Amino acid sequence: MRLSIVTALLVGSSLAAPHHEKGLSLNTLAQRRGKLWFGTAADIPHTAETTDTAYLDILKKQFGEMTPANALKFLFTEPEQNKFNFSDGDYFMDLARHTGKSVRCHNLVWATQVSDFVTTGNWTAETLIPVMRNHIFKTVKHFGDRCYSWDVVNEAFNSDGSFSSSIWYDTIGEEYVYLAFKFAQQALKEVHANKVKLYYNDYGIESPGPKVDAVLKLVKELRKRHIRIDGVGLEAHFMVGGTPSLADQVATQKAFIKADLDVAMTELDIRFAQEPFYTAEAQRQQAQDYYVSVSSCLLSGRRCVGVVVWDFYDKYSWVPYSFEGQGGATLFNDTLEAKPAYYAVADALMGKPCSVC
Ligand SMILES: *[C@@H]1O[C@H](CO)[C@@H](O)[C@H](O)[C@H]1NC(C)=O
Ligand SMILES: *[C@@H]1O[C@H](CO)[C@@H](O)[C@H](O)[C@H]1NC(C)=O
Ligand SMILES: *[C@@H]1O[C@H](CO)[C@@H](O)[C@H](O)[C@H]1NC(C)=O
């Protein structure tokens, strides 16, 4: 009796919990299936998210992991050469600790959101490598074992599998990737945080193709050099109706797992190319795509360690800011109500047929 009252309260609240399982959160449902967590990115601090209590309530109740959307990126952690500022990162970490969440730390070396002193410098490999090393050492040592994992290198490849242009690649060559992982490993050792996992993270590696082959080749090369890599992050920024099939997603995850890697879906969102975002038919197709994507991590087995969505509220999604006219990509609509996609994810986590697809 008491339990059913609690259940009724939960279902009726802004928690917007699935009806079928006593209001269990997505994170609890994921953990019941052996996953570490079901997580979300959050762009905190300095944004509306930071003080939106309805948003924060759902963040706290539904998710077991949070990824800083921006706070740990190079331009915020080292705005000027060797002048580090970890105040945003520490704020994020404190919120995670107080709410009992794991953090996938994101990221150390990437082409984008790098400080001006790096992108405008007149570097040679000999002068840039120490800059990269200093950034990795100071940042990794500061956060230590507060990170579950680090995305050491982010988005290093073009879709054809060649290395993509960046200040790092253009100056140092592909060696920058091996050095970045080596430095991260060494820095963790100095602070006795060897358990922190080292990841390569990218988009467009959720279905078979040359980019997946390039990542597998990179892993082989790291291992040949006795440099540690623990996992590959599959960003999973998909389009409604264009989401890779269940078979393709499972095959790709299993290819990484076969190479003795963990995998995680690290930035899942499924956007509409254009309006309408909220018709019944649009929502049904999106729910189907979320159902397939989350199911793939369950079907791939234990070494798909979890799923992270790239924020959960359409109002705070990065999509409309980055792709004009596109949007509607997350699990909660623009009045912060759970969409069919939310219930589809819950169904997938429970191993049930999709009730809203
Ligand atoms: C560090 O960053 C915070 C937040 O962006 C800012 O308020 C603060 O002034 C910075 N600290 C220094 C020493 O620049
Ligand atoms: C860049 O550095 C090289 C080698 O140190 C030097 O020869 C060249 O003049 C520099 N170019 C500029 C624009 O400063
Ligand atoms: C958001 O979802 C709620 C509950 O399903 C619904 O009443 C509202 O109309 C939705 N908002 C939009 C913009 O569709």
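Residues numbered from 1 in each chain as written. Chains lettered and ligands numbered in written order. Predicted model: local features only at pLDDT ≥ 70, side-chain atom pairs only at ≥ 80, totals over all residues. Heavy atoms only, no water.

- Under the annotation held in an unreviewed UniProt entry, the protein carries the name Beta-xylanase and is attributed to Aspergillus nanangensis.
- Under Sequence similarities (unreviewed entry), UniProt gives the following word-for-word description of the protein: "Belongs to the glycosyl hydrolase 10 (cellulase F) family." (UniProt positions renumbered as here; feature names shortened; annotations may be inferred.)

## Description of the site of ligand 1
And step 1. H46, N85, S87 and D88 make up every residue found near ligand 1.
And step 2. Within the side chain of H46, a nitrogen or oxygen atom sits 3.3 Å from an oxygen atom of ligand 1.
And step 3. Taking N85, its side chain carries an N or O atom lying 2.3 Å from an oxygen atom of ligand 1.
And step 4. Compared with its free state, where it exposes 360 Å², ligand 1 has 30% of that area covered by protein. (Near = heavy atom within 4 Å. Polar contact = N/O pair within 3.5 Å; in protein donor to acceptor, adjacent residues only side chain to side chain. Areas by Shrake-Rupley, 256 points an atom, 1.4 Å probe, with all protein chains shown as cover.)

## With respect to the UniProt feature "domain: GH10" (unreviewed entry) in the protein
And step 1. UniProt marks residues 41–348 with the feature "domain: GH10" (unreviewed entry), using the numbering shown here.
And step 2. Helix makes up 43% of residues 41–348 and strand 16%. Its end C-alpha atoms lie 20 Å apart. (Helix = DSSP H or I, 4+ residues; strand = E, 2+ residues; numbered from the N terminus.)

## Comments concerning the state of the cysteines
And step 1. Enumeration according to the criterion identifies three disulfides in this entry.
And step 2. Here C297 pairs with C304 through a disulfide, and the sulfurs are 2.1 Å apart. Here the S-S torsion is close to -105 degrees, and the disulfide linking C297 with C304 is therefore left-handed. For the pair shown, C297 and C304 are each scored as buried.
And step 3. Each sulfur of the disulfide joining C354 and C357 lies 2.0 Å from the other. One disulfide, between C354 and C357, carries an S-S torsion of 80 degrees and so falls in the right-handed class.
And step 4. Looking at the protein, its bonded cysteines, counted consecutively from the start of the sequence, adopt the pairing 1-2, 3-4, 5-6. (Disulfide = S-S within 2.5 Å. Buried < 20%, exposed > 50% of the residue type's maximum accessible area, 1.4 Å probe, protein only.)

## Details of the site of ligand 3
And step 1. Surrounding ligand 3, one finds Y278, N333, D334, T335 and E337.
And step 2. In this structure, an oxygen atom belonging to ligand 3 sits 2.3 Å away from a side-chain N or O atom of N333.
And step 3. Protein chains bury 46% of the 360 Å² of accessible surface belonging to ligand 3 in isolation.
And step 4. Partitioned by chemical class, the residues of the shell around ligand 3 number one nonpolar, two polar and two charged. (Nonpolar A, V, L, I, M, F, W, Y, C, P; charged D, E, K, R; others polar.)

## Details of the packing of aromatic side chains
And step 1. What the rule picks out here adds up to 22 aromatic pairs.
And step 2. Between F163 and Y169, the ring centres sit 5.3 Å apart and the planes meet at 10 degrees, which makes this aromatic pair stacked.
And step 3. Each member of the aromatic cluster is reached from another via a ring pair, and the members are F38, Y55, F63, F312, Y313, Y316, F332, Y342 and Y343.
And step 4. Its guanidinium or amino end placed over the ring of Y199, R104 lies 4.7 Å from that ring's centre, counting from NZ or CZ.
And step 5. A cation over a ring is seen here: K211 above Y203, with NZ or CZ 3.9 Å from the ring centre. (Phe/Tyr/Trp six-rings, centres within 6.5 Å; stacked < 30°, edge-to-face > 60°. Lys NZ or Arg CZ within 6 Å of the ring centre and 35° of its normal.)

## Side note on the packing of helix α9 (residues 175–190) against helix α10 (residues 210–224)
And step 1. For the pair α9 and α10, interaxial distance at closest approach is 11 Å and the crossing angle is 55 degrees. Taken together, the axes of α9 and α10 are oblique relative to one another. Both α9 and α10 take part in a crossing whose hand is right-handed. Residues V177, Y178 and F181 of α9 lie in contact with α10, whose contacting residues are L218, E221 and L222.
And step 2. Taken together, the residues that form the contact of α9 with α10 break down as five nonpolar, no polar and one charged. (Axes fitted to C-alpha atoms, helices over the stretch in contact; angles between N-to-C directions. Parallel < 35°, antiparallel > 145°, perpendicular 65-115°, else oblique. Left-handed = near helix turned anticlockwise from the far one by under 90°. Contact = heavy atoms within 4.5 Å.)

## Description of the pattern of salt bridges
And step 1. Scanning the entire structure with this criterion turns up 15 salt bridges.
And step 2. One salt bridge in this structure joins R97 and D94, with 3.6 Å as the shortest N-O distance. Here D94 and R97 lie together in helix α5 (residues 87–98), a separation of three residues that amounts to about one turn.
And step 3. The class of R97 is exposed, set by a relative accessible area of 54%.
And step 4. The partly exposed category is assigned to D94, whose relative accessible area is 30%.
And step 5. For K339, the salt bridge identified is with D314, shortest N-O distance 2.8 Å. Placement of K339 in the loop between α13 (319–322) and α14 (340–350) and of D314 in the loop between β9 (304–309) and α13 is noted, with a sequence separation of 25 residues between them. An identical accessibility class is assigned to K339 and D314; each is buried.
And step 6. A cluster of three or more residues bridged by salt bridges with shared partners is formed by E175, E221, K224 and R225. (Salt bridge = Lys/Arg side-chain N within 4 Å of Asp/Glu carboxyl O.)

## Comments concerning the nonpolar core
A general tendency of soluble globular proteins is for nonpolar side chains to be buried together.
And step 1. Within the largest apolar cluster, 105 residues are counted, with the highest numbers of intra-cluster contacts made by F38 and W168.
And step 2. The element that contributes the greatest number of residues to this core is α9, accounting for 10 residues.
And step 3. Those residues in contact with W168 that lie beyond four places of it in its chain are F74, V109, W110, V114, V118, L128, M132, G173 and Y176. (Core = buried A, V, L, I, M, F, W, Y, C linked by side-chain atoms within 4.5 Å.)

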